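Here is how the chains run, residue by residue.
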Amino acid sequence: MAQNTEHKFTVVKTDDEWRKILTPEQFKVTRRKSTELACSGAYWKNHEKGIYKCVCCKLPLFDSQTKFDSGTGWPSFYKAIHKDAILEVADNSFGMERTEILCSRCGAHLGHVFEDGPRPTGLRYCLNSLALDFEKDTGKKEQ
């Protein structure tokens, strides 16, 4: 499932620059590939309509319409907003074979994708709330 790893990120910052715009917890998850505790994140029970964006560079990643309750304690989606919004990379850490997902713009660690999700894709993008910003749909159209 993993894609190429020769991807060029368009938003590149030093660790010091990231630390200036992220909380210590966000930095640990997005820049050091940590994982927040299950059922601890701000968005795992969020049922509002809107768009989930990368906390680092604000790239739109997932629409609330594709969010579902996976029972895992992390926000889960069955489809990204656009196939090019995320990058899939093989992750063999901790003796497991998984597919890590990164923001395609800045390389932020978002979580992992698994092949046990609902229809129509059969995928479960399991994300860290700390890697996301949520923009609520206000129902107003831009002019």
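Structure shown above.
Because the structure is a prediction, the values reported are computed rather than measured.

## Considering the nonpolar core
Core analysis: the largest hydrophobic core is formed by 29 residues, its most contacted members being Leu61 and Phe62. Of all the secondary structure elements, the ones that give two or more residues to this core are α2 (24-32), β1 (50-54), β2 (60-63), β6 (98-103), β7 (109-114), β8 (124-127) and β9 (132-136). For Leu61, the contacting residues outside a window of four places in its chain are Tyr52, Lys53, Cys54, Ala80, Ile81, Ala85, Ile86, Leu110 and Leu132.

## What about the side chain of Ser129?
Mapping Ser129 onto the fold places it in the loop between β8 and β9. Looking at Ser129, the relative accessible area reads 4%, which means it is buried. Within the structure, the side chain of Ser129 is placed 3.4 Å from the backbone nitrogen of Ala42, a separation counted as a polar contact. Apart from the residues within four sequence positions on either side, Ser129 is in contact with Glu36, Gly41, Ala42, Tyr43, Trp44 and Pro75.

## Quick notes on the pattern of salt bridges
If you walk through the whole model with that rule in mind, you get 9 salt bridges. Asp15 serves as the salt-bridge partner of Arg32, at 2.3 Å between the closest nitrogen and oxygen. With Arg32 in helix α2 and Asp15 in helix α1 (residues 15-21), this pair connects stretches of sequence that are 17 residues apart. According to the relative accessible area criterion, Arg32 is partly exposed, its value standing at 45%. Across the pair Asp91 and Arg98 runs a salt bridge, and its minimum N-O distance is 3.3 Å.

## So, α2
All of the buried residues along α2 are Gln26, Phe27, Val29, Thr30 and Arg31. Buried residues along α2 sit in contact with α1 and β7. A positive phi of about 60° marks Lys33, the residue just after α2.

## Concerning the side chain of Thr66
Of note, Thr66 is situated in the loop between β2 and β3 (67-68). Thr66 sits in the buried class, given a relative accessible area of 12%. Polar side-chain contacts of Thr66 include one of 3.1 Å to the backbone oxygen of Lys79. Ignoring anything within four residues of it in the chain, the contact list for Thr66 reads Ser76, Phe77, Tyr78 and Lys79.

What counts, and where the lines are drawn
- Residues numbered from 1 in each chain as written.
- Predicted model: local features only at pLDDT ≥ 70, side-chain atom pairs only at ≥ 80, totals over all residues.
- Heavy atoms only, no water.
- Core = buried A, V, L, I, M, F, W, Y, C linked by side-chain atoms within 4.5 Å.
- Buried < 20%, exposed > 50% of the residue type's maximum accessible area, 1.4 Å probe, protein only.
- Helix = DSSP H or I, 4+ residues; strand = E, 2+ residues; numbered from the N terminus.
- Contact = heavy atoms within 4.5 Å.
- Polar contact = N/O pair within 3.5 Å; in protein donor to acceptor, adjacent residues only side chain to side chain.
- Salt bridge = Lys/Arg side-chain N within 4 Å of Asp/Glu carboxyl O.

Such coordinate-based values are descriptive only and should not be taken to indicate function.
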